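What the coordinates show
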Amino acid sequence: MTSEPTGAAAVVFGAGATGLRIARMLDDSPSVGSVEVRDTDLERLGAVASRLGPKTRIGQGPAVAEGTDLVVVATTAGSQAVLALAAVKAGATVVTTTNEIAETRALLAAGKEARRHGVALVVGAGYMPGLTCLLARVGAAGFDAVDEIHVAKAGTGGPACARQHHRALSSLAIDWRDGRWTRRAGGSGRELCWFPDPVAGRDCYRAALPDALLLVPAFPGVDRVTARMAATRRDRLTAPLPMMRQPHPEGGVGAVRVELRGRRRGERHVVVLGSQAKPAQGAAVVAASTGLHLLGREAPAGAAGLASVPDPDRLLSAIAALGLRPSRFEGFALTHDAVA
Amino acid sequence: MAAGFITLIRRTFVAIVVGMALAAAIRVRGRGGVPPQTGGWRELRDDELA
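On a predicted model such as this, the values are computed, not experimentally measured, just so you know. Each chain has its residues counted from 1, following the order in which its sequence is written. Here the convention is simple: chains get letters from A, ligands get numbers from 1, in the order in which they are written. Local features in this predicted model are restricted to residues whose pLDDT is 70 or higher, and side-chain atom pairs enter the listing and the counts only when it is 80 or higher, whereas totals over whole chains, interfaces and linings include all residues. Side-chain figures throughout are based on the complete set of non-hydrogen atoms in the structure, without hydrogens or water.

Turning our eyes to something else, we now look at the nonpolar core. Residue and element names in this part refer to chain A. To define a nonpolar core, start from buried Ala, Val, Leu, Ile, Met, Phe, Trp, Tyr and Cys residues and group those joined through side-chain atoms within 4.5 Å. Note on classification: 1.4 Å probe, protein chains only; a residue is buried when its accessible area is under 20% of the maximum for its type, exposed when over 50%, partly exposed between these limits. Counting 97 residues, the largest nonpolar core has Leu-26, Leu-121 and Ile-149 as its most contacted members. Helix numbers and strand numbers start at the N terminus; a helix is a DSSP run of H or I with at least 4 residues, a strand a run of E with at least 2. Counting residues per element, this core draws most heavily on helix H10 (residues 279-295), which supplies 7 residues. The source of the domain bounds is an automatic or database domain assignment. Two domains share this core, each providing at least three of its residues, namely domain 1 (8-127 + 282-321) and domain 2 (131-279 + 324-328). Residue contacts for Leu-121: discarding those within four places in its chain leaves Ala-84, Val-88, Val-94, Thr-96, Leu-107, Ala-110, Ala-114, Gly-302, Ala-303 and Ala-304. Within the second largest apolar cluster, 8 residues are counted, among which are Ala-152, Ala-154, Phe-195 and Cys-204. Whether two residues are in contact is decided by their heavy atoms: any pair within 4.5 Å suffices.

Residue and element names in this part refer to chain A. Examined against the element boundaries, Asp-223 turns out to sit in the loop between helix H8 (211-218) and strand S12 (224-230). Sequence separation between Asp-223 and Ala-141 is 82 residues, and the spatial gap between their C-alpha atoms is 17 Å. Once you skip the residues sitting within four places of it in the chain, Asp-223 turns out to touch Asp-147, Trp-176, Arg-177, Asp-178 and Gly-179.

Attention now goes to the environment of Val94(A). Residue and element names in this part refer to chain A. Checked against the element boundaries, Val-94 lands in strand S5 (residues 93-96). Remark: the alpha-carbon pair of Val-94 and Arg-24, spanning 70 residues in sequence, is separated by 18 Å. Among residues more than four places away in sequence, those in contact with Val-94 are Val-71, Val-73, Ala-84, Ala-87, Val-88, Ala-120, Leu-121 and Val-122.

Attention now goes to the sheet that holds strand S15 (residues 302-304) of chain A. Residues and elements named next belong to chain A. Spatially, the 7 strands line up as an open sheet ordered S3-S2-S1-S4-S5-S6-S15, and their pairing is parallel. Looking at strand neighbours, the two that pair on one side only are strand S3 (56-59) and S15, the edges of this open sheet. Averaged over all adjacent pairs, the angle separating strand axes in this sheet is 20°, with direction ignored. Strands are treated as partners if at least two bridges between them are detected by DSSP. The angle between two axes is taken between their N-to-C directions and runs from 0 to 180 degrees, where each axis is a line fitted to C-alpha atoms and a helix contributes only its stretch in contact.

Another aspect to go through is helix H6 (residues 131-139) of chain A. Residue and element names in this part refer to chain A. Burial analysis of H6 places 8 of its 9 residues in the buried class, which makes it a mostly covered element. Where H6 is concerned, the buried positions are Leu-131, Thr-132, Cys-133, Leu-134, Leu-135, Ala-136, Val-138 and Gly-139. The inward-facing, buried residues of H6 abut strand S7 (145-154), H8, strand S13 (254-264), strand S14 (267-277), H10 and helix H11 (312-321).

Residue and element names in this part refer to chain A. The pocket and cavity definitions rest on a 1 Å grid over protein atoms only: a 1.4 Å probe that fits but cannot leave marks a cavity, an open set with protein on both sides within 12 Å along at least five of seven lines marks a pocket, and residues lining either have an atom within 4 Å of a point. Grid points are joined across faces, edges and corners, and a volume is the space filled by probe spheres set on the points. Enumeration over the complete set of coordinates arrives at 1 cavity of 30 Å³ or more. Approximately 40 Å³ is the volume found for the largest cavity. Looking at the largest cavity, the residues that line it are His-150, Val-151, Ala-152, Glu-191, Cys-193, Thr-226, Arg-228 and Arg-257. For the lining of the largest cavity, the secondary structure elements donating two or more residues are S7, strand S10 (191-194) and S12. With 3 residues, the top contributor of residues to the lining of the largest cavity is S7.

With that settled, the discussion passes to the layout of surface pockets. All names here are of chain A. In this structure, the second largest pocket occupies an estimated 760 Å³ of space. What lines the second largest pocket is a set of 29 residues, and nearest its centre among them are Arg-234, Asp-235, Met-243, Arg-245 and His-248. At 4 residues, helix H7 (residues 159-169) tops the list of elements feeding residues into the lining of the second largest pocket.

We now examine the side chain of Ser275(A). Residues and elements named next belong to chain A. Tracing the backbone shows Ser-275 in strand S14. On the accessibility criterion, Ser-275 (1% relative accessible area) is buried. Within 3.5 Å is the distance limit for a polar contact, defined as a pair of N or O atoms, with the added protein rule that one can donate a hydrogen and the other accept it, and that residues adjacent in sequence qualify only through two side-chain atoms. Among the polar contacts listed, one links the side chain of Ser-275 to the side chain of Tyr-127, at a separation of 3.1 Å. Dropping the residues within four chain positions of it, Ser-275 is found in contact with Tyr-127, Leu-131, Pro-196, Gly-254, Ala-255, Val-256, Leu-324 and Pro-326.

Next up on the list: the packing of aromatic side chains. Any pair of Phe, Tyr and Trp rings, taking the six-membered ring for Trp, is counted once the centres come within 6.5 Å. Such a pair is stacked with planes under 30 degrees apart, edge-to-face with planes over 60 apart, and tilted for the rest. Summed over all chains, the structure comprises 2 aromatic pairs over all chains. Aromatic pair Trp176(A) and Trp181(A): ring centres 4.8 Å apart, planes at 70°, arrangement edge-to-face. According to the relative accessible area criterion, Trp176(A) is buried, its value standing at 14%. Ring plane angle 75° and centroid distance 5.5 Å describe the contact between Phe329(A) and Trp41(B), whose orientation is recorded as edge-to-face.

Moving on, we come to the domain arrangement of chain A. Residues and elements named next belong to chain A. What the domain assignment lists for chain A is domain 1 (8-127 + 282-321) and domain 2 (131-279 + 324-328). The interface of domain 1 with domain 2 comprises 29 residues on the first partner and 34 residues on the second. Put simply, buried area is how much 1.4 Å-probe accessible surface two parts lose in total, over both of them, once they are put together. Note on domain 1 versus domain 2: buried area summed over both sides is about 2,600 Å², and carbon and sulfur give 64% of it. A per-residue breakdown of the area domain 1 buries against domain 2 is headed by Ile-101, Tyr-127 and Ala-307, which together make up 31% of the total. Run the count over domain 1 and domain 2 and you get 12 residue pairs in polar contact (both at pLDDT 80 or more).

Right under this line is the structure:
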C-alpha cells in the first residue's frame, strides 16, 4: 500500500512543447503532490515518459476526477474548451493556454458554469495572450487612466502553435476601437514593432488573435485595443495556402511587447513592456506559475484572462523567478556610445 | 467581330498579369518603417516587479 501524496493534485492536458514543460514545473513545486499528464497521442506520451518528474504519471481520457485541485490545458487550440468545462464541473481550478478567438469566446462563456461551481477559469494563460495581459495589468498601475493597449508577438512555440500562427494570419482580426468591436483583414495594418533583444524590430500585422477579448473586459473605458503578430513577406504570401511543410518541433527565440497609452497626473503617458523567450517556454512558465499562484489563494470564481488575476504583481514576480523576466523600453539609448 | 473579342480577352489577360506582377513586386520589395533611433530595453528589477 502506497501513502497518499501531500499537496495539490494537478492534471496537465497536452504533452507537447508547452505541456511537458508545465508538467515539469508543477512537479518541481513543493505545493503540488501529484501531476498527471494526458495526451491523445499515446506514442508521444510514451516518448516523453522518461522525461517526467518523480511525482508525475501518465493518464488517459478527458474526464477529470473529483478532488483534482488544478487542471492546466495545453492542448492544440480548438480542443481546450471541452476539457476546461469538464474540469470546471469537477470543481478544479482551470488554467488554459488558448490563443484562438472562437475558443476564447467559448471559454469566457463558460464563466457562468465556473461561477456556479465556485472555481476560477483562467483563459489564455500563455505567452500571448497571457504574459501580455499580465504586463498590461501591472503596467496600468502607473496610469490614472489607460486609453489604449497595443500588444504584439514574434515567434512560435511547438508545431500546434505554428499552425495556429499560420491560420491566424489569413483570418479576420478583431480590434476594439472607440468603444466597439471592429473586424479587419489578417495580414493588414503593417507596423514596425520593437521587441526586446535579440528579436529587435519586426514588421507586425493584424491577425486572428484573441487578446482584445481578454483585455477589454479588464480595462473598462479603454478606447483602443489591438493585437498584432510578426510575419515575414513569405508568411503573408503563403498565409491563405495550406502549410507546405511540417512545422519545426519548436521555434526559436520569440518575444512579446505591450504598449500602454493613457494619462498620468494630467499628462499623456506611454509605457512599453516586453519579454523575450522561446514562446513554448514562456507559455509554460506563465501557465504553471498561474496555476501555482491560484492554488494558494481565494481567486474569484468565473472566467477571465490574466489581466483580471488577483495579486498580479506577485504572479509577475513568480514568473520572473522562473527566468521569464520582463523588460521595459526606456526612451533613451542604453549603448556605451550614447553614455559616452 | 471574333477577332476583336479575342483581342479584348488578350488585353484583359495581359492587364491582369501585369497588375499581379506589379502588386507582387510592391509587396515583396516594399520597405518597412524606420526603426527607433534612440532608446533600449532594460530588464525590470525585483523591486519594480513587487
